[in-house]
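Topology and contacts: notes
Listed here are the chains, written in short residue letters.
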Amino acid sequence: MKILVLLSQVPDTTARIAFTNGNTQFDANGVTFIVNPYDEWYALVRALELKEAAGAGSVTTITVGGADTDATIRKGLAIGADEAVRVDAQPTEALQVAEQVAAYAKDKGFDLIIAGKETIDHNGGQVGGMVAELLDLPYIALASKLDVAAGKATIERDVPGGVEVLEASLPLVLSAAKGMAEQRIPNMRGIMAARTKPLTVIPAATTDNVAATTSFELPPAKGAVKMIPADEAGKLIELLHNEAKVI
Amino acid sequence: MSTIVFIDTRGEKLPKAAQEAVTYASKLAGGPVTAITFGGASGLEALGAQGASKVIVARGVTAVDGQQLTKLVTDVAAKEGANTIVFVHDGTGKSVAPRVAAKLKAGHVAGAIALPEGDKFKRNVFSGKAQAWLQVSSATKVISVMPNSIPVGKDGGSATVEEYSGDLGPARITVKEVRKAGAGVPLPEAELVVSAGRGMKGPENWGMVEELAKELGAATACSRPVADMHWRPHHEHVGQTGVAIRPNLYIAIGISGAIQHLAGVNQSKVICVINNDPEAPFFKAADYGIVGDAFHVLPKLVEAAKKLNAER
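Every value quoted in this text rests on a predicted model; they were computed, and no experiment measured them.

1. Let's talk about the overall build of chain B
Helix and strand counts for chain B stand at seven helices and 15 strands. Against the compact-globule benchmark of 20 Å for 312 residues, chain B has a radius of gyration of 21 Å, which places it among compact chains. Taken along its principal axes, the extent of the C-alpha atoms in chain B is 60 × 40 × 35 Å. A buried classification covers 57% of the 312 residues belonging to chain B. Within chain B, contacts between residues separated by at least 24 positions form 64% of all contacts whose residues are at least 6 apart in sequence.

2. A short note on the overall build of chain A
Looking only at helices and strands, chain A has six helices and 15 strands in total. Expressed as lengths along the three principal axes of its C-alpha atoms, the size of chain A is roughly 65 × 45 × 40 Å. Burial statistics for chain A: of 247 residues in total, 49% are counted as buried. Partitioning the intrachain contacts of chain A with sequence separation of at least 6 by distance along the chain shows that 71% fall at a separation of at least 24.

3. Digging into the pairing of strand S7 (residues 83–88) of chain A
Residues and elements named next belong to chain A. Sheet analysis places strand S6 (residues 58–64) next to S7, joined by five bridges and oriented parallel. Of the residues in S7, the one forming a bridge with Thr-63 is Arg-86. Regarding topology, helix H2 (residues 70–79) serves as the crossover connection from S6 to the parallel S7, and that connection is right-handed. As paired strands, S7 and strand S13 (residues 199–203) are joined by five bridges and run parallel to one another. Its bridge partner being in S13, Val-87 is matched across the sheet by Ile-202.

4. Here we look at the sheet that holds strand S15 (residues 288–291) of chain B
Taking strand neighbours across the sheet as the criterion, the six strands line up as S15(A)-S15(B)-S14(B)-S13(B)-S11(B)-S12(B) in an open arrangement whose pairing is parallel. Sheet topology places strand S15 (226–227) of chain A together with strand S12 (219–222) of chain B at the edges, where each strand pairs with a single neighbour. Here helix H4 (residues 207–216) of chain B sits on the sheet and contacts strand S11 (192–196), S12 and strand S13 (249–253) of chain B; the angle it forms with S11(B), its principal contact strand, is near 175 degrees.

5. Thoughts on helix H1 (residues 37–54) of chain A
Residue pairs spaced three or four apart in an α-helix point in one direction, given the helix's 3.6 residues per turn. Residues and elements named next belong to chain A. Helix length check: H1 (18 residues) gives 25 Å between terminal C-alpha atoms against 26 Å at 1.5 Å per residue, within 8%. Burial of H1 is extensive: 13 of the 18 residues sit out of reach of the surface. Where H1 ends, the next residue or the one after it, Gly-55, has phi of about 75 degrees, a positive value.

6. Overview of the sheet that holds S13(A)
Read from one edge of the open sheet, 10 strands run S13(A)-S7(A)-S6(A)-S1(A)-S8(A)-S12(A)-S9(A)-S10(A)-S11(A)-S10(B), paired in mixed fashion. Since the sheet does not close on itself, it has two edges, and those belong to S13 of chain A together with strand S10 (173–180) of chain B, each with one partner. Direction aside, neighbouring strands of the sheet carry axes that sit 30 degrees apart on average. As paired elements, strand S9 (residues 139–149) of chain A and strand S12 (residues 172–176) of chain A share three bridges and run parallel to each other. Bridging from a neighbouring strand, Ile140(A) pairs with Leu174(A) of S12(A). Running at roughly 155 degrees to S7(A), H2(A) makes contact with S6, S7 and S13 of chain A of the sheet. Relative to the sheet, helix H3 (residues 91–104) of chain B contacts S9 and strand S10 (152–159) of chain A, its axis offset from that of S9(A) by approximately 95 degrees.

Parameters and conventions
Residues numbered from 1 in each chain as written. Chains lettered and ligands numbered in written order. Predicted model: local features only at pLDDT ≥ 70, side-chain atom pairs only at ≥ 80, totals over all residues. Helix = DSSP H or I, 4+ residues; strand = E, 2+ residues; numbered from the N terminus. Rg over C-alpha atoms; globule rule 2.2 N^0.38 Å. Buried ≥ 20, exposed ≤ 12 C-beta atoms within 10 Å, placed from the backbone. Contact = placed C-beta atoms within 7 Å. Pairing = 2+ DSSP bridges. Right-handed = clockwise from strand over helix to strand, strands pointing away. Axes fitted to C-alpha atoms, helices over the stretch in contact; angles between N-to-C directions. Expected span 1.5 Å × (residues − 1).

In structure tokens form, the structure reads like this:
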């Protein structure tokens, strides 16, 4: 079982969101960066579990980014990935990232390529599907459960009103949602081992330039909260009906 | 050049988000558009009201096989000479739109929240903590519309329905089983949501939460610790790492409002917070607040909701 996990670096979930350079850039000042939670908790951990269950194979992570992402990539190695690849390019937009990943993966014979369902900064959820199209592979978005047996994957995903159970042959591309695995905390041995595991930097491929984020803005500040005494709690229902008009 | 819109209409009725996407496409085009769908849906003529002049339906396709559906969409796009392809930013749209964009080398807007200004589209980023303008420079554009971003159009006429007759190739993904969730409103589409957290003290106390949801016709949701402790199923977890929702009303009971939780619900139109801690950060994000014990407040809300239902 040869598995590729797409790993992005994102600001910590508690990071203060602010912008700089005339609101054209994220203000990274004082911000801690982490592995995108969907990539780490679900995609990477499930990949490791599948490899462990099979008793053979490898888990490779791939990141598109500059040298500033190396520490984040090492976190993936500390959790248990066998090797990491960094495409030496600044990520600008989904198709550009997907083309970089596809250019690397196309002749490597991965059985599974797993992305997180989205990054928590750009929230696009696009790269997995784009990689699948570029490699002519099936793609299942938002998988919450993944099992592999005899060259076939069984996948569950939440759909409106229930859960869909799907089957597809390998090779296959997936995006991983909550439920697929439980977060793993790297232990000291993993952290030590990560220092010497291979992190290969490869040059960027040529990509298309189809879109770019030009500016950011913060949502308008919320008005003051209207407090209702607990003993008169029923009034809330009346206000929601007559004032907010939502029920 | 024209605009087409791809929607999933496999449910019992036309989904609101699909009607919104057709409306969005029609407004982008400044006139009638062609809609594409699949499966056995009936009543597709009604999409005329949202601005579809024609609905092309691939009857033989029943599963979300991204490769078949990508072929369907790009085939119709080529025939219609379409340079703009609209999707719903839902599970089906997320499976197909990125493929179509990659195939056509098109810029893809994942989750447009409004009509564009020129070639710039507004979308949520940082889990709703900010918004970004994405400029699409490619000749062909793929736009996935975030549900609940545009009012459903009602003024159009009736659409003609055509069956797609092309060959979409074999399905590489098969549906083994669909397990229906229990009765109640599915969370991602719910317009009203009643959510509760650790303040409920245990899963045995959820009866009151469910009763309020039932009286309001709302879906139930929960915070991450509650799902992690298995008090409630994972699909009810709303927040940055669970489901992100944007209902008209979000009532949060016994949830303190950590930044990760807020990220999943801050797009709600009206937020009500009930918490016994007046310092709970959630109050800063709320429109209405009650400082009080959930076990004291909830019965009063249920009673008032019953009274309102009796009156209308």
